[in-house]
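The lines below spell out each chain.
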Amino acid sequence: MASGLFISFEGIDGVGKSTQLDLLVQFLNEQGRTVCRTLEPGGTDLGREIRELLLHRKGEVSPRAEALLFAADRAHHVANVVRPALERGEVVVTDRYLDSSVAYQGSGRDLGFNQVRDLSLFAVDGLLPHLTVLLDLDASKAAARRSNTGAEPDRLERAKIEFFESARQAYLKMAADEPARFLVLDAEQSVESMQAKIRERVQGLLG
Ligand code: TYD
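Residues numbered from 1 in each chain as written. Predicted model: local features only at pLDDT ≥ 70, side-chain atom pairs only at ≥ 80, totals over all residues. Heavy atoms only, no water.

The name an unreviewed UniProt entry assigns to the chain is dTMP kinase, from the organism freshwater metagenome. Under the UniProt heading Sequence similarities (unreviewed entry), the note attached to the chain is "Belongs to the thymidylate kinase family." Looking at the chain in UniProt, the text filed under Catalytic activity (unreviewed entry) is "dTMP + ATP = dTDP + ADP". (UniProt positions renumbered as here; feature names shortened; annotations may be inferred.)

Here is the structure:
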């Protein structure tokens, strides 16, 4: 593999990924590392168009079409952003990567864990992160953080909670299957305590 370091951040919506990602990037910059901070979907020009389609287009997108759009975004992102940065020896930090598809499309949308994993690996030509930080939180607690209204969840919100809980369980299964790649953190602990664990692991990988 290329000479840089590849780190992804994962977790269901509302767990606080971007805060941890920001703090890690700050730490890496302070260490004098060249960081490529990126995201999925939308880490390239083409990806931003796909992101619009995925997140803002009106009307139904069939689950398989949705999975293929995420995979297309990822294929283009890896070929044009991630691999080149790794080849330049940079630290690539991405907000979501292929585990998001396995969790959200494979499990949440019932397309099948292994099928979506195979599709995603095809898209990236087998490129896996050296480290995946999984922020883990109960789906109803994550929903409460997202809404902040304090109101009881309605029917739609409850369906969403089921969807996110299924995605969460898929993430935990992936972490159990690949313990060397995953760092699983309980997202109920303080921002500082999570960040300290992330920095310790990253420091170890940087040598
Ligand atoms: P975004 O606004 O970036 O959310 P977040 O800050 O939580 O990452 O929206 C991305 C949404 O797309 C998010 O709900 C997760 C979902 N998603 C998938 O369903 N599959 C995927 O492969 C990826 C990368 C994201």
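(A) Structural view of the nonpolar core. Ranked by size, the top nonpolar core spans 44 residues in total, and within it Ile7, Ile12, Leu24, Leu28 and Val202 carry the most contacts. The element contributing the most residues to this core is helix α7 (residues 155–177), with eight residues. Not counting residues within four places of it along the chain, the set of residues in contact with Val202 comprises Leu5, Ile7, Leu24, Leu28 and Leu131. Cys36, Val78, Leu98 and Val124 belong to the second-largest nonpolar core, a separate cluster that totals 14 residues. (Core = buried A, V, L, I, M, F, W, Y, C linked by side-chain atoms within 4.5 Å. Buried < 20%, exposed > 50% of the residue type's maximum accessible area, 1.4 Å probe, protein only. Helix = DSSP H or I, 4+ residues; strand = E, 2+ residues; numbered from the N terminus. Contact = heavy atoms within 4.5 Å.)

(B) Structural context of the pairing of strand β3 (residues 91–95). Burial of β3 is extensive: five of the five residues sit out of reach of the surface. Relative to β3, strand β1 (residues 5–10) is paired through five bridges, and the arrangement is parallel. In the strand pairing of β3, Ile7 is matched with Val93. Relative to β3, strand β2 (residues 35–39) runs parallel, the two being bridged by five bridges. Within β3, the position partnered with Thr38 by the bridge is Thr94. (Pairing = 2+ DSSP bridges.)

(C) Fine view of empty space enclosed by the protein. Scanning the entire structure with this criterion turns up one cavity of 30 Å³ or more. Looking at the largest cavity, its volume works out to about 30 Å³. What lines the largest cavity is Gly11, Ile12, Leu134, Leu135, Asp136, Leu137, Arg168 and Tyr171. Looking at the lining of the largest cavity, the elements that each hand over two or more residues are β4 (131–136) and α7. The element that contributes the greatest number of residues to the lining of the largest cavity is β4, accounting for three residues. When the residues that make up the lining of the largest cavity are grouped by side-chain class, the tally is five nonpolar, one polar and two charged. (1 Å grid on protein atoms, 1.4 Å probe; cavity = no way out; pocket = protein on both sides within 12 Å on 5 of 7 lines; lining within 4 Å. Points joined across faces, edges and corners; volume = space filled by probe spheres on them. Nonpolar A, V, L, I, M, F, W, Y, C, P; charged D, E, K, R; others polar.)

(D) Fine view of the site of the ligand. Close to the ligand lie 13 residues, the nearest being Asp13, Arg74, Arg96, Ser101 and Gln105. Gln105 places a side-chain nitrogen or oxygen 2.8 Å from a nitrogen atom of the ligand. The protein chains hide 79% of the 550 Å² of surface that the ligand would expose on its own. Cavity membership is defined here by more than half of the atoms lying within 2 Å of grid points; on that basis the ligand lies in the largest pocket. Breaking the shell around the ligand down by element, the ones donating at least two residues are α2 (45–56), α3 (63–87) and α4 (98–108). With four residues, the single largest contributor to the shell around the ligand is α4. The class makeup of the residues in the shell around the ligand is four nonpolar, three polar and six charged. (Near = heavy atom within 4 Å. Polar contact = N/O pair within 3.5 Å; in protein donor to acceptor, adjacent residues only side chain to side chain. Areas by Shrake-Rupley, 256 points an atom, 1.4 Å probe, with all protein chains shown as cover. Sits in = over half its atoms within 2 Å of the grid points.)

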